[in-house]
Amino acid sequence: MEVIDPKIEQSWKEQILFAFRTESFFALKQFLIEEKKKSIVFPPGQLIFNAFNLTPFDKVKVVLLGQDPYHNVGQAHGLCFSVPDGVAHPKSLVNIFKELHDDIGCPIPKSGNLEKWAKQGVLLLNATLTVRAHEAGSHQKKGWEEFTNAVIKTISDKKEGVVFLLWGNYAQEKIPLIDQNKHHILTTVHPSPLSASRGFFGCRHFSKTNQILQTEGKEPIDWDLTR
């Protein structure tokens with residue numbers, strides 16, 4: 001089996017290199033090579049590990065877990081729920097911004113780019129890091145879940161006082177990977193229009209996260225994307 005040397009931020013490489021050296025990751029790499037020969041894959045290759053590159057391991061304070069990348073052209077850029085500048089807000093993101101406004105009064109931003117959060121220590125992690133164009137969930141159960149499960153468990157094992165935001169049943173399946181004696185878990189339904197009115201609206205996770213961070217002696221997140 002070949003040795004994979006990932007292009008990923010150095011502190012992450014030091015922590016999770018083992019996850020790139022598993023049989024499941026090797027099989028995943030082969031799957032992606034074949035997939036790219038016959039299909040368009042999002043996000044572009046250089047952005048697959050964008051969440052890690054923008055939020056070094058040492059800086060992680062919050063983990064927001066999504067399912068898989070947006071699957072339409074121009075949307076996915078390696079951060080869960082986020083879209084690049086100039087791209088229309090997907091419906092889940094519209095609901096996230098509505099709750100953000102209702103919770104702490106942040107104006108609704110024109111851009112759906114969440115890089116500002118990432119640079120402050122919010123790891124915007126999808127459980128599956130790639131997707132075939134226009135086919136939601138098409139790269140699930142190909143090996144990404146084993147990799148991102150290893151990421152979550154490494155954060156749980158090696159850090160303390162991290163806030164995990166788990167929205168929806170899929171994200172909440174990761175709870176067994178997290179040591180709740182060391183970390184904080186906030187759960188609610190997914191912000192999708194199908195479920196947001198059943199508990200996402202009014203969850204106040206943004207203000208609750210900052211309250212927890214301050215209790216932990218950490219700098220709160222500036223959630224306002226308009227300044």
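All of these numbers come straight from a predicted model, not from anything done at the bench.

Colleague: Pulling in residues and values, what's your account of the overall build of the protein?
Modeller: A tally of helices and strands in the protein yields 8 helices and 6 strands. When the elements of the protein are put in sequence order from the N terminus, they spell out α-α-β-α-β-α-α-β-β-α-β-α-β-α. A compact globule built from 227 residues would reach a C-alpha radius of gyration of about 17 Å, and the protein, at 17 Å, matches this within 12%. The buried share of the protein, taken over its 227 residues, is 52%. When contacts within the protein are restricted to residue pairs at least 6 apart in sequence, those whose partners lie at least 24 apart make up 66%. Carbon together with sulfur atoms contributes 51% to the accessible area of the protein, which is approximately 10600 Å² in total. Positive and negative side-chain charges in the protein, numbering 27 and 25 respectively, have mean positions lying 2 Å apart.

Colleague: How would you summarise the environment of Trp12 if you had to cite specific residues and measurements?
Modeller: Checked against the element boundaries, Trp12 lands in helix 1 (residues 10–16). Placed 187 residues apart in sequence, Trp12 and Gly199 show a C-alpha to C-alpha distance of 34 Å. Not counting the four nearest positions on each side in its chain, Trp12 is found in contact with Leu17, Phe52, Thr55, Pro56, Phe57, Val60, Leu123, Val151 and Ile155. Polar side-chain contacts of Trp12 include one of 3.4 Å to the backbone oxygen of Phe52.

Colleague: Kindly report on the pairing of strand 3 (residues 122–126), identifying the contributing residues and their values.
Modeller: Buried residues dominate strand 3, accounting for 5 of its 5 residues. In strand 3, alternate side chains face the same way, and those of Val122, Leu124 and Asn126 on one face and Leu123 and Leu125 on the other are all buried. With 5 bridges connecting them, strand 2 (residues 62–66) and strand 3 associate as parallel partners. Residue pairing across strands places Leu64 opposite Leu124, the latter belonging to strand 3.

Colleague: I'd like to hear about the packing of aromatic side chains, residue by residue, with values.
Modeller: Any aromatic ring pair is given by two values, namely how distant the centres are and how the planes are angled relative to each other. Evaluated as defined, the whole model comprises 19 aromatic pairs. Ring geometry for Phe25 and Phe147: centres 5.4 Å apart, planes at 50°, overall tilted. One end of the pair, Phe25, is in helix 2 (residues 23–38); the other, Phe147, is in helix 6 (residues 144–158), with 122 residues separating them in the sequence. A residue is classified by how much of its surface remains accessible, and Phe147, at 2% relative accessible area, is buried. Judged by centre distance (6.1 Å) and plane angle (75°), the rings of Phe49 and Trp144 are edge-to-face.

Colleague: Outline the pattern of salt bridges, supporting the account with residue identities and numerical values.
Modeller: Tallied over the entire structure, the rule returns 10 salt bridges. For the salt bridge of Lys37 with Glu34, the shortest nitrogen-to-oxygen distance reads 3.1 Å. Placement of both Lys37 and Glu34 in helix 2 is noted, with a separation of 3 residues, approximately one turn of the helix. The partly exposed category is assigned to Glu34, whose relative accessible area is 42%. Note that Arg204 and Asp103 form a salt bridge whose closest N and O atoms lie 3.4 Å from each other. Remark: Asp103 occurs in helix 4 (residues 91–104) and Arg204 occurs in the loop between strand 6 (184–188) and helix 8 (205–215); sequence separation between them is 101 residues. Classification of Arg204 by relative accessible area gives partly exposed; the value is 39%. Residue classification places Asp103 among the buried residues on the basis of a relative accessible area of 8%. Each of Lys116, Asp222, Asp224 and Arg227 takes part in a single network of salt bridges with overlapping partners.

Colleague: Any details on the side chain of Thr188? Residues and values, ideally.
Modeller: Mapping Thr188 onto the fold places it in strand 6. The exposure class of Thr188 is buried, given its relative accessible area of 12%. Of note is the side chain of Thr188, whose polar atom sits 2.9 Å from the backbone oxygen of Gly199. Setting aside residues no more than four positions away along its own chain, Thr188 makes contact with Leu166, Trp167, Gly168, Gln172, Gly199, Phe200, Cys203 and His205.

Colleague: Residues and numbers for the side chain of Lys159, please.
Modeller: Here Lys159 shows up in the loop between helix 6 and strand 5 (163–167). For the buried Lys159, no salt bridge exists, and the shortest N-O distance to an oppositely charged side chain is 5.6 Å, to Asp58. Setting aside residues no more than four positions away along its own chain, Lys159 makes contact with Phe57, Asp58, Lys59, Val60, Thr154, Lys182 and His183.

Cut-off values and rules
Residues numbered from 1 in each chain as written. Predicted model: local features only at pLDDT ≥ 70, side-chain atom pairs only at ≥ 80, totals over all residues. Heavy atoms only, no water. Helix = DSSP H or I, 4+ residues; strand = E, 2+ residues; numbered from the N terminus. Rg over C-alpha atoms; globule rule 2.2 N^0.38 Å. Buried < 20%, exposed > 50% of the residue type's maximum accessible area, 1.4 Å probe, protein only. Contact = heavy atoms within 4.5 Å. Areas by Shrake-Rupley, 256 points an atom, 1.4 Å probe, with all protein chains shown as cover. Lys, Arg positive; Asp, Glu negative; His and termini not counted. Charge placed at Lys NZ, Arg CZ, Asp CG, Glu CD. Polar contact = N/O pair within 3.5 Å; in protein donor to acceptor, adjacent residues only side chain to side chain. Pairing = 2+ DSSP bridges. Phe/Tyr/Trp six-rings, centres within 6.5 Å; stacked < 30°, edge-to-face > 60°. Salt bridge = Lys/Arg side-chain N within 4 Å of Asp/Glu carboxyl O.

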